[in-house]
Structures are given as structure tokens and as C-alpha cells.
Amino acid sequence: EQAGDGGNGRTSFRKEKFVDRGGPDGGDGGKGGDIVFVASRNQNTLMDFRYHRELTAERGGDGGKTRKHGRGGKDLRVAVPVGTVVSEDGRELVDLSQDGQEAIIAAGGRGGYGNAHFVSSVRQAPKFAEPGGEGEARNLRLELKLIADVGLVGLPNAGKSTLLAKNSNANPEVANYAFTTLTPNLGVIDLGQD
């Protein structure tokens, strides 16, 4: 995930007839967009992230003349299923367990100050502005905590793994000996629109 960079400040001076360097008027850059995860009960898988792994928010606009502030970058709001756990380097950042819960995952960079910001009694015509700050870049792991709608329980060699493999996209190990399944297997069955 890459939040938006802040916009750059502007170096500018008023242009007035008969006024030499009419005073600094460079505007500040806008803040970069945040990346915000929003828990939604309308989402039920993290499949979208399998094919769309990089998320980037909008950069802030640069400052303009006449102290015009740059436009703030749009936040990138990403819907994730309720029960999504976001972690980085093995450390849990947030557990989105409530519908509508929001979390800023990567903060946008702040906008740089324009030269109008740096005026003082001794520096009346600053010829420099500040660049925008970089947005946060993070490498995150998303996990989805699920409660299964149906569980298969039965005697060893009763065909539980075979049934799961035939009816869903799961690939459990199937073999002819007792207690083949040592860890739970999860499969999703599409029941159609009925």
C-alpha cells in the first residue's frame, strides 16, 4: 500500500507594476490521500487482493500563486470483509470486526509549505519552498477470520474430505488411513441464485 505524497509548496512573488518583488505569495501543497480500509458485510472474501495487490492513493496538488493552497489528494477507501485482520511484519495493526468500522492503513504525506510561509522580519523575500512529504508505504498481510456455515464431522474414512473436494474448491489430502485431516480445510460452495 502506498499513500499519496503531499504536494509541493510554491515559490512565487506578487507581480505589481512599479513594485519590485511585491512580496512572496507561494501557496502550500495539499495533503496526500490516505488509504482507508472499511469493513463491509457486503464483502465476503479477500479474493480481490489476490489479483490487485498494490493500492495507491492520490497525490496532493502543488501550491499555486497568490497563496493558493494545493488540492488535497482523495483518500482511497477499500472495502474489506468484516473479520479482516491487518498485520505487518507479524504485528497485528487492526482487527476490523464491526460492519462499517474504518481504519487508516497508510497516512498521506503532508503538503509542503510555500514561500509565503517563511516570511519574517529579516527574511522578507524567501526564494524557497518546501517539498511535499512522502506518503506511508507499507507491506501488509490480510487475513480473514471466518465462521463456517457448515461443518463436516464423522468417523475416520467416512468420506468427509472426498465430499469437500468434490463439491468445493478445497484440495484436502485424501488417503485411505485413519485421521488424514490434521488441520481444518475450508471450501466455498456456490449455491447459485436460488
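A brief structural summary. Numbering of residues starts from 1 in each chain and follows the order in which that chain's sequence is written. In keeping with the model being predicted, local features are shown solely for residues with a pLDDT of at least 70 and side-chain atom pairs are shown and tallied solely at 80 or more, while totals for entire chains, interfaces and linings include all residues. As a rule here, side-chain values cover all heavy atoms of the structure and leave hydrogens and water aside.

**Comments concerning the sheet that holds strand 6 (residues 141-144)**
Whether two strands pair depends on DSSP finding at least two bridges between them. Strands are runs of DSSP state E lasting at least 2 residues, helices are runs of H or I lasting at least 4, and numbering of each runs from the N terminus. Read across the open sheet, the 3 strands follow the order 4-3-6; overall the sheet is antiparallel. With one partner strand each, in any of the chains shown, strand 4 (91-96) and strand 6 form the two edges of the open sheet. Pairs of neighbouring strands in the sheet enclose a mean axial angle of 25°, with direction left out of account. Here strand 3 (residues 84-88) pairs with strand 4 via 5 bridges, running antiparallel. Across the sheet, Val86 pairs through a bridge with Val94, a residue of strand 4. Angles run from 0 to 180 degrees between N-to-C directions of axes, and those axes are lines fitted to C-alpha atoms, restricted for helices to the stretch in contact.

**Details of the nonpolar core**
With 17 residues, the main nonpolar core has Phe37, Leu96 and Ile105 as its most contacted residues. Where this core is concerned, the elements lending two or more residues are strand 1 (35-40), strand 2 (76-81), strand 4 and strand 5 (102-106). For Leu96, the residues in contact, after removing those within four places along its chain, are Phe37, Ala39, Val80, Pro81, Val82, Gly83, Thr84, Gln101, Glu102 and Ala103. Throughout this description, the term nonpolar core refers to a set of buried Ala, Val, Leu, Ile, Met, Phe, Trp, Tyr and Cys residues connected via side-chain atoms within 4.5 Å. Throughout this description, buried means an accessible area under 20% of the type-specific maximum (1.4 Å probe, protein chains only), exposed means over 50%, and partly exposed covers the range between. Throughout, a residue-residue contact means that at least one pair of heavy atoms, one from each residue, lies within 4.5 Å.

**A look at unusual backbone geometry**
The phi dihedral of Thr66 is positive, around 50°, even though this residue is not glycine. You can see Thr66 is positioned in the loop between helix 1 (48-51) and strand 2. For Arg67, which is not a glycine, the phi torsion comes out positive at approximately 60°. Tracing the chain through its elements places Arg67 in the loop between helix 1 and strand 2. The exposed category is assigned to Arg67, whose relative accessible area is 56%.

**Comments concerning a nonpolar patch on the surface**
A cluster of nonpolar residues, Val150, Leu152 and Leu163, forms a patch on the protein surface that exposes about 290 Å² of accessible area. For Leu152, a relative accessible area of 43% corresponds to the partly exposed category. Put simply, a patch holds well-exposed residues, over 30% relative accessible area, that have no salt bridge, with like charges counted together within 9 Å and Val, Leu, Ile, Met, Phe, Trp or Tyr side chains within 5 Å. Accessible surface is estimated by sampling points in the Shrake-Rupley manner with a 1.4 Å probe; for residues, cover comes only from the protein chains shown. By convention in these notes, a salt bridge is any Lys or Arg side-chain nitrogen within 4 Å of a carboxyl oxygen on Asp or Glu.

**Quick notes on the packing of aromatic side chains**
Whether two aromatic rings pair depends on their centres lying within 6.5 Å, for rings of Phe, Tyr and Trp, where Trp uses its six-membered ring; planes under 30 degrees apart make the pair stacked, over 60 edge-to-face, and the rest tilted. Scanning the model with the defined rule gives 3 aromatic pairs in all. An angle of 55° between the planes, with centres 6.2 Å apart, marks the rings of Phe37 and Phe49 as tilted. Of the two residues, Phe37 is situated in strand 1 and Phe49 in helix 1; the sequence distance between them amounts to 12 residues. Classification of Phe37 as buried rests on a relative accessible area of 0%. Summarising the aromatic geometry, the rings of Phe118 and Phe128 are spaced 5.1 Å apart at their centres and angled 40° between planes, so their arrangement reads as tilted. Highlighted residues: Phe118 in the loop between strand 5 and strand 6 and Phe128 in the loop between strand 5 and strand 6, separated in sequence by 10 residues. Among the residues examined, Phe118 registers a relative accessible area of 19% and is labelled buried. Since its relative accessible area comes to 37%, Phe128 is described here as partly exposed. By way of ring pairs, the aromatic residues Tyr113, Phe118 and Phe128 are connected into one cluster. Taking the ring centre of Tyr113 as reference, the NZ or CZ of Arg110 above it sits at 4.9 Å. A positively charged side chain is recorded as over a ring if its NZ (Lys) or CZ (Arg) lies within 6 Å of the ring centre. The angle to the ring normal must also be within 35 degrees.

**Here's the deal with the sheet that holds strand 1**
One open sheet holds the 3 strands; their spatial order is 2-1-5, and the pairing between them is mixed. Lying at the two open borders of the sheet, with one neighbouring strand each, are strand 2 and strand 5. On average, each strand axis in the sheet is tilted by 30° relative to the strand beside it, whichever way the strands run. Relative to strand 2, strand 1 is paired through 6 bridges, and the arrangement is parallel. Bridge pairing links Ser40 to Pro81 in strand 2.

**Remarks on the side chain of Asn115**
Among the secondary structure elements, Asn115 is positioned in the loop between strand 5 and strand 6. By relative accessible area, Asn115 is classed as buried at 0%. A distance of 2.9 Å separates a polar side-chain atom of Asn115 from the backbone nitrogen of Gly26. Apart from the residues within four sequence positions on either side, Asn115 is in contact with Arg10, Thr11, Ser12, Phe13, Pro24, Asp25, Gly26, Pro126, Phe128 and Ala129. Whenever two N or O atoms come within 3.5 Å, that pair is a polar contact, provided that in protein one can donate a hydrogen and the other can accept it, and provided that, for residues adjacent in sequence, both atoms are side-chain atoms.

Limitation: the analysis is restricted to geometry and does not speak to function.
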